[in-house]
Amino acid sequence: MNHNLFGRGFSKYTPLLLLLPGFLLYVIIALGPSLATGVYSFTNATGIRGAPVEWVGFDNYREFLFQGAVSRDNIAATIRTLRFSFIVTTVQFVLGLFMAMLLNQKLRGKTLFRTLFFMPVILGVAIQGLMWQLFLLPRGGPVAQTLSWFGMRSEFLGGQPNEAFAWVIVVQIWANVGITMVIFLAGLQTIPDELYEAARIDGASGWGLFRNITWPLLTPSVNTNFLLNIIGSLQAWQLFLVLTGYKNGTQVLGYLVFAQGFGQTSGSVSSAFRQGFAAAASIVLFFLVLIIGMTAQYIVNRREKRIMG
Amino acid sequence: MSTITESNLKHTRSKGIARIDWVKVGSYLILLVFAAVYVGPLFMLVNTAFKTLPEFFRAPTALATGLNFQNFVDAWRLAKFPTYLVNSVIYTTVATFIYVVTTVFVAFPIARGYYKFGKYILLLYVIALFLPPALIPQFQLILNLGLYNTRIGYILLFLINPIGMIIIVNYIKTVPRELDESAAMDGCSYFRFILTIVLPLIKPAVATVTVLHAIGIWNELILPTIYLTNDALYPVTRGLIVFQGVYGSNWPALAAAVLILMIPMLILFMFLQRYIIAGLTEGAVKG
Amino acid sequence: MKKLNLIILFSTLVIASLLLAACGGGGTQTSPSATGTDAPRPVTLRVLVHQNPPMVEFMQAFNERFRAKYPNVTINMSVVNANDLSTVTQTRLTARDIDVIDIFGFSNAAQPYMRNVDPPNWQTLIEAGLLMDLTGQPFVSNYDEATINDAGSYNGKVYAINLGRVTYSGMFVNLELLEKVGVSVPTTWSELVAACEKIKAAGYSCMTAGGADGWPIFVGTYGLLGAMYPDQEALVEGLWTGTIKWNDAKTLELWKRFQYFATQMLEDGVTGLSHDAAPARFAAGDVAMMPTGNWQGPALEDAAPSFAWTYIPFPGSDNPADNQYLFGKYDQGWAIASDSPNQDVALNYLAMFSEPDNYQAFIDAVGFIPTQPTATLDSQLGRAVKPYLENFRVGYEQYWVSPKGAGQWANGSQGAAWFRPFNQWTDPVALANQAQADLQAGLDANR
């Protein structure tokens, strides 16, 4: 069924014509090179001009998934990635919605709060890391001080893996909840006041208003945030680089790909460039994210169809 | 959560009646707690920017002893802000503009379901969200196009962002179809329809995407190192390297440079935030 | 319906990859100023260096001097972060956009006893023919033979000149504090243990290190490793061939000392101390020792400690004779792109840099241990390390290559950073067994 209402004959194709530049750019700049990464994953490519490149079949995948003890570490990193993603997605989603609803009221200074909560997004990972390293200093840092009032103590980022991991989760949510909040805010603004008024006349209140009006009408924002959070958290690893470094017991899959591909597992050592292997590892990550993301997308679409009709 | 919305309504209709709104008081309290978690790290950054290097290393968390503006002066000069700022502005505005316009033209037919394959195009963009970064193949592409170490080549790298596509498609779906029909009946051309009618209606989405995309370009650290080797083409972030050594970094100067760097994006956000929050145009939702 | 979706999706993918292939032709990049050879022609020399502030400052001054001598040359020097150096080297060589390259000392070469390991980056560059053969260039002989052989040669040809060594197996010692507490500078492990006890009993901290960055913890124990295994290349070979095991009796003692170091010697709170900030912490005066690299010397002098200090090899062995070595690595070096159109200018650049006066000025600026025999490191640190320079040895981590498939605990040299409070381990025997098992898994996978 064609819903295109614009013009007949040639001009019927205007939307298509105007769609092409954006789409072609996408294919050439993003999709093509990414697919080439897939091809790379079956080679021992180093990325160095003139160096021989050989097909190695599934060797890189075998090494990543099944060889020796490293597969154990890779699988552990995979599970850790999923755990990280689950916690970050859930908390960031709920917190973002909560903050958006707080700020959707008529409050003095809400612009200031909004800007403040969005600020980390503007900073980028390196600066977020610097700020939190200072904020979380075990000796005399503000958080250490606050914890000590309650008789608690933490080694923070330099400590044991579980502790360091937990703090990275905190920073990840802190850094990104601003986007979630803004998208929810934009969504909340599309809900007309009249709907609430009508519902109130019908006797609805509190939880009922939220369940029957806010939540269903927020669907586009909910979907966008749900997907963004899942994908963002599955691929996030730069904060680990900045906050904990390549520490055994905290690595997530994205960091593993980067470190093994560019030989940056331990600072000064000049190791091999293993672009082929890194490509294989990133394809594994890709499929993981794809499966989870597509499942999420499927759920979201079904929900959207149910609600929006 | 819902009580807040409710109180919001209550409040709008009870203007002028002076009484303590406990929901509001609670909201403020919660917001202040959140704010502390955001102000804290930011304060550490500002505090660092006002310290001398020895002062910082002696006691990184202690309060700066005075307002030492020297770091800002050093940062401005050493990181070559005056030269690089122009480049950053060019890259950010041009790439964001092209990106947003091309994206809206891809998004609209997909959101409206004009073409059967639209679904699959959207699927491709969704898949792109999951795709691994393709540093090496992308470099080969730009090199072979003869665009290595050029402005155009660098801008080309920032014309794609699947997240923005998905946000815009989702928002166009909330714009009622009746608008298309009335526009088509008025004999409005598709091109004009998108630019003069659709674009203003999806301002919230466009503003969000613009901010996110511009921030990404503005803060990019790795790509200028790889794609630009001519000093005249460097963006501001490339200048930050001055403060980072292998065996030690000048954190106070870096903090000062970062504070300068974040100001334009903060202004952009504060400016566009009005549009993001202004909500969809009256007629679009209610009409 | 689902199947059709997939088919359409895949065909789109195939088309996209074809599109890419069409773009991937062999485009050639023309370099600027590639004509003429004799008369002084205007030349732009493209130089790549990694960020190290004193070095960059020196290079800017040196470039001025070079331009004064060769007025037809413009120098375009790019500075990148050390972590990005290898990536940018690779991309700029690929784009034929570089003449003179900053390259770290050649290390981690694949040895005959290593099975199925990938060659290191520098070796791939040479084998791909991207680095110019510098053999026989007059300036090469300005550097000592060990440097030329160990840090810049491959298959009997010279591809890089290396500009300086750094050592990381020693520690800075606060002499005044030791005197105050009444202990002498330790020369053996048991003396060190006793000294720490005494220092702590007197209310001071024994050691500090930049624990927040992780690596300074295990780098701080490279001296412990070196004292136990003075021949570090043999240690690597032994681990690969199975004659040395991470959990044999001798090495088990090493793990116990790692743990003692991590839990008893280092002060509380080092988990949050960054590498940058460690010298200032040491300069505060209430910590007796700081095991770290000699590169912290200039930062320590900047922090202006009010006490007398020195730098000694980490006393890791109970035999004082084993504690006379300094282990370390070769740092920055120069190489020339083999297809640079400006090779003559690049050679002049290296030749002028290698002139003893210029080189000495470089050493004065960056504080490396010199690789030209005529140069001296004349700083407090230079004087401190001088007696041990005869005994400079290349460290373990410059030889070690993990077998593919080895687990994350296989490189036991990092063991000190795996105990609490830095990581999860509390039992040295269990960790030693884990390390050996992780290494063995890699060795077995490549049988």
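Keep in mind the model is a prediction, meaning the values are calculated, not measured.

A.B. asks: In this structure, what is going on with the overall build of chain A? I would like to understand it.
C.D. replies: A tally of helices and strands in chain A yields 13 helices and zero strands. In chain A, the order of α-helices and β-strands from amino to carboxyl end is α-α-α-α-α-α-α-α-α-α-α-α-α. Taking the principal axes of the C-alpha coordinates as reference, chain A spans close to 75 × 70 × 30 Å. Within chain A, residue pairs in contact and separated by at least 24 positions form 66% of the contacts whose partners lie at least 6 positions apart. Only carbon and sulfur atoms are counted for the fraction: they give 65% of the accessible area of chain A, which is about 12,400 Å². For chain A, the centre of its 21 positive side-chain charges and the centre of its 11 negative side-chain charges are spaced 3 Å apart.

A.B. asks: Whenever I open this one, a negative patch on the surface confuses me. Can you help?
C.D. replies: Residue and element names in this part refer to chain C. On the surface, a cluster of negative charge is made up of Asp-150, Asp-231, Glu-233 and Glu-237. Take Asp-150: it is sitting in helix α5 (residues 145–151). Relative accessible area serves as the criterion here: at 41%, Asp-150 is assigned to the partly exposed category.

A.B. asks: What should I look at first to understand the pairing of strand β13 (residues 333–336) of chain C in this one?
C.D. replies: On any regular strand, side chains alternate: one points to one face of the sheet, the next to the other face. Residues and elements named next belong to chain C. Burial along β13 is two-sided: the residues Gly-333 and Ala-335 and Trp-334 and Ile-336 are all buried. Two elements, strand β3 (residues 100–102) and β13, share three bridges in a ladder whose sense is antiparallel. Bridging from a neighbouring strand, Val-100 pairs with Ile-336 of β13. As judged from the two bridges shared by strand β6 (residues 161–162) and β13, these two strands associate in the antiparallel manner. The partner of Asn-162 across the bridge, within β13, is Gly-333.

A.B. asks: What's the story with the domain arrangement of chain C in this structure? I'm lost.
C.D. replies: Residues and elements named next belong to chain C. What the domain assignment lists for chain C is domain 1 (43–166 + 329–394) and domain 2 (170–324 + 402–445). The distance between the C-alpha centroids of domain 1 and domain 2 comes to 30 Å. Contact residues are listed per partner, giving 19 residues for domain 1 and 22 residues for domain 2. For the pair domain 1 and domain 2, the summed buried surface comes to about 1,800 Å²; carbon and sulfur atoms form 57% of the total. Looking at the side of domain 1 facing domain 2, the largest losses of area belong to Tyr-113, Leu-381 and Tyr-388, adding up to 35% of the total buried there. Inspection of the region where domain 1 meets domain 2 yields one salt bridge. Close ionic contact of Lys-404 with Asp-118 constitutes a salt bridge, the shortest N to O distance being 3.4 Å. Between the two partners, domain 1 and domain 2, sit four residue pairs in polar contact (both at pLDDT 80 or more). Every element with two or more residues in the side of domain 1 that touches domain 2 is listed here: α16 (380–385) and β14 (392–394). In terms of residue count, α16 provides more of the side of domain 1 that touches domain 2 than any other element does, four residues in total. Counted by class, the side of domain 1 that touches domain 2 contains 10 nonpolar, six polar and three charged residues.

A.B. asks: Where do I start with a positive patch on the surface in this structure?
C.D. replies: A cluster of basic side chains, namely Lys-305 of chain A together with Lys-116, Lys-119 and Lys-173 of chain B, defines a positive patch on the protein surface. Inspection of the secondary structure assignment puts Lys-305 of chain A in helix α13 (residues 275–308). Among the residues examined, Lys-305 of chain A registers a relative accessible area of 64% and is labelled exposed.

A.B. asks: Is there a simple way to explain the confidence of the model for chain C in this structure?
C.D. replies: Caution applies to low-pLDDT regions: their predicted coordinates should not be interpreted in detail. In the predicted model, chain C carries a mean pLDDT of 88, and 91% of its residues have values of at least 70. Quick note on the complex model: pTM equals 0.84, ipTM equals 0.84.

A.B. asks: Can you walk me through the interface of chain B and chain A in this structure?
C.D. replies: Frequently, the measure chosen for interface size is the accessible area removed from exposure when the parts meet. At the junction of the two partners, chain B supplies 98 residues and chain A supplies 100 residues. In total, about 9,300 Å² of surface goes out of reach between chain B and chain A, with carbon and sulfur atoms giving 78% of it. Linking chain B to chain A there are zero salt bridges. Counting across the chain B and chain A interface gives nine residue pairs in polar contact (both at pLDDT 80 or more). Element by element, the count of residues in the side of chain B that touches chain A is highest for helix α2 (residues 22–49) of chain B, at 18 residues. For the side of chain B that touches chain A, the residue count by class is 68 nonpolar, 20 polar and 10 charged.

A.B. asks: What is the right way to read the sheet that holds strand β9 (residues 205–207) of chain C from this model?
C.D. replies: To summarise the sheet geometry, strands pair through backbone hydrogen bonds and adopt either a parallel or an antiparallel arrangement. Residues and elements named next belong to chain C. The sheet built from four strands is open, its strands ordered β9-β10-β8-β11 with mixed pairing. Both outer strands of the open sheet, β9 and β11 (309–313), are each paired with one neighbouring strand and no more. Each strand of the sheet is rotated relative to its neighbour by a mean of 20 degrees, with strand direction disregarded. The pairing of strand β8 (residues 170–174) with strand β10 (residues 287–292) spans four bridges and is antiparallel. Within β10, the residue paired with Val-173 across the bridge is Met-289.

A.B. asks: I would appreciate a short explanation of a nonpolar patch on the surface in the present structure.
C.D. replies: A surface patch of nonpolar side chains, amounting to about 310 Å² of accessible area, comprises Leu-17, Leu-20, Leu-24 and Ile-28 of chain A. Relative to the helices and strands, Leu-24 of chain A resides in helix α1 (residues 14–40).

A.B. asks: Looking at this model, I keep getting lost on the packing of aromatic side chains. Mind explaining?
C.D. replies: Here a ring pair, both rings aromatic, is described through the centre-centre distance and the interplanar angle of the planes. All names here are of chain A. Counted under the stated rule, the structure contains 75 aromatic pairs over all chains. Taking the centre distance of 6.1 Å and the plane angle of 55 degrees together, the rings of Phe-64 and Phe-277 count as tilted. Taken together, the residues span a long stretch of sequence, with Phe-64 in helix α2 (residues 59–66) and Phe-277 in helix α13 at a distance of 213 residues. Note on Phe-64: relative accessible area 1%, which makes it buried.

A.B. asks: Before we go on, may I ask you to explain the side chain of His-50 of chain C in this structure?
C.D. replies: Mapped onto the elements of the fold, His-50 of chain C is located in strand β1 (residues 43–50). Among the polar contacts listed, one links the side chain of His-50 of chain C to the side chain of Asp-102 of chain C, at a separation of 2.7 Å.

A.B. asks: Please clarify how the state of the cysteines should be interpreted in this entry.
C.D. replies: The bond known as a disulfide is covalent and runs between the sulfur atoms of two cysteines. All names here are of chain C. According to the stated counting rule, one finds one disulfide over all chains in the structure shown. One disulfide in the model links Cys-196 with Cys-206; its S-S distance is 1.9 Å. On the S-S bond that ties Cys-196 to Cys-206, the torsion sits near -50 degrees, and the link is left-handed. With Cys-196 in helix α7 (residues 189–201) and Cys-206 in strand β9, this pair connects stretches of sequence that are 10 residues apart. The buried category is assigned to Cys-196, whose relative accessible area is 1%. Judged by its relative accessible area of 1%, Cys-206 falls in the buried class.

A.B. asks: Help me understand the packing of α1 of chain A against helix α6 (residues 118–130) of chain B, please; the structure alone is not making it clear to me.
C.D. replies: Axis separation between α1 of chain A and α6 of chain B bottoms out at 12 Å; the angle between their running directions is 35 degrees. Handedness of the α1 of chain A/α6 of chain B crossing: left-handed. Residues Leu-19, Gly-22, Phe-23, Tyr-26 and Leu-31 of chain A of α1 of chain A form the contact with α6 of chain B, whose own contacting residues are Ile-121, Leu-124, Tyr-125 and Ala-128 of chain B. Residue composition of the contact of α1 of chain A with α6 of chain B, grouped by class: eight nonpolar, one polar and no charged.

A.B. asks: Honestly, the sheet that holds β14 of chain C in this entry has me stumped. Any pointers?
C.D. replies: Residue and element names in this part refer to chain C. Strand order across the open sheet formed by three strands is β7-β12-β14, with mixed pairing between neighbours. In the strand order of this sheet, the two ends are held by β7 (165–167) and β14, each with one partner. Taking the axes of each pair of neighbouring strands and ignoring which way they run, one obtains an average angle of 45 degrees across the sheet. Direction of pairing for strand β12 (residues 326–330) relative to β14: parallel, over a ladder of three bridges. Bridged to Gly-328 within β14 is Val-394.

A.B. asks: I'm lost on the confidence of the model for chain A in this one. Help?
C.D. replies: Residue-level pLDDT values for chain A average 84, and 92% of them are 70 or greater. For chain A, per-element mean pLDDT is lowest for helix α12 (residues 253–261) of chain A, which scores 77, and highest for helix α3 (residues 70–103) of chain A, which scores 93.

A.B. asks: Please explain the pattern of salt bridges as it appears in this structure.
C.D. replies: Where side chains of opposite charge bring their charged atoms close, a pairing between them can arise. Applying the stated criterion across every chain, the model contains 24 salt bridges over all chains. Among the ionic pairs, Glu-355 of chain C bridges to Lys-69 of chain C, the shortest N-O distance being 3.9 Å. Of the two residues, Glu-355 of chain C sits in the loop between α14 (343–354) and α15 (356–366) while Lys-69 of chain C sits in helix α2 (residues 53–69), which places them 286 residues apart along the sequence. Notably, a salt bridge pairs Arg-447 of chain C with Asp-444 of chain C, separated by 3.2 Å at the nearest N-O pair. Within this structure, Glu-63 and Arg-274 of chain A together with Asp-118 and Lys-404 of chain C form a network of salt bridges that share partners.

Calculation rules
Residues numbered from 1 in each chain as written. Chains lettered and ligands numbered in written order. Predicted model: local features only at pLDDT ≥ 70, side-chain atom pairs only at ≥ 80, totals over all residues. Heavy atoms only, no water. Helix = DSSP H or I, 4+ residues; strand = E, 2+ residues; numbered from the N terminus. Contact = heavy atoms within 4.5 Å. Areas by Shrake-Rupley, 256 points an atom, 1.4 Å probe, with all protein chains shown as cover. Lys, Arg positive; Asp, Glu negative; His and termini not counted. Charge placed at Lys NZ, Arg CZ, Asp CG, Glu CD. Patch = residues over 30% accessible without salt bridge, like charges linked within 9 Å, V, L, I, M, F, W, Y side chains within 5 Å. Salt bridge = Lys/Arg side-chain N within 4 Å of Asp/Glu carboxyl O. Buried < 20%, exposed > 50% of the residue type's maximum accessible area, 1.4 Å probe, protein only. Pairing = 2+ DSSP bridges. Domains from an automatic or database assignment. Buried area = accessible area lost by both parts, 1.4 Å probe. Polar contact = N/O pair within 3.5 Å; in protein donor to acceptor, adjacent residues only side chain to side chain. Nonpolar A, V, L, I, M, F, W, Y, C, P; charged D, E, K, R; others polar. pLDDT = per-residue confidence, 0-100. Axes fitted to C-alpha atoms, helices over the stretch in contact; angles between N-to-C directions. Phe/Tyr/Trp six-rings, centres within 6.5 Å; stacked < 30°, edge-to-face > 60°. Disulfide = S-S within 2.5 Å. Left-handed = near helix turned anticlockwise from the far one by under 90°.

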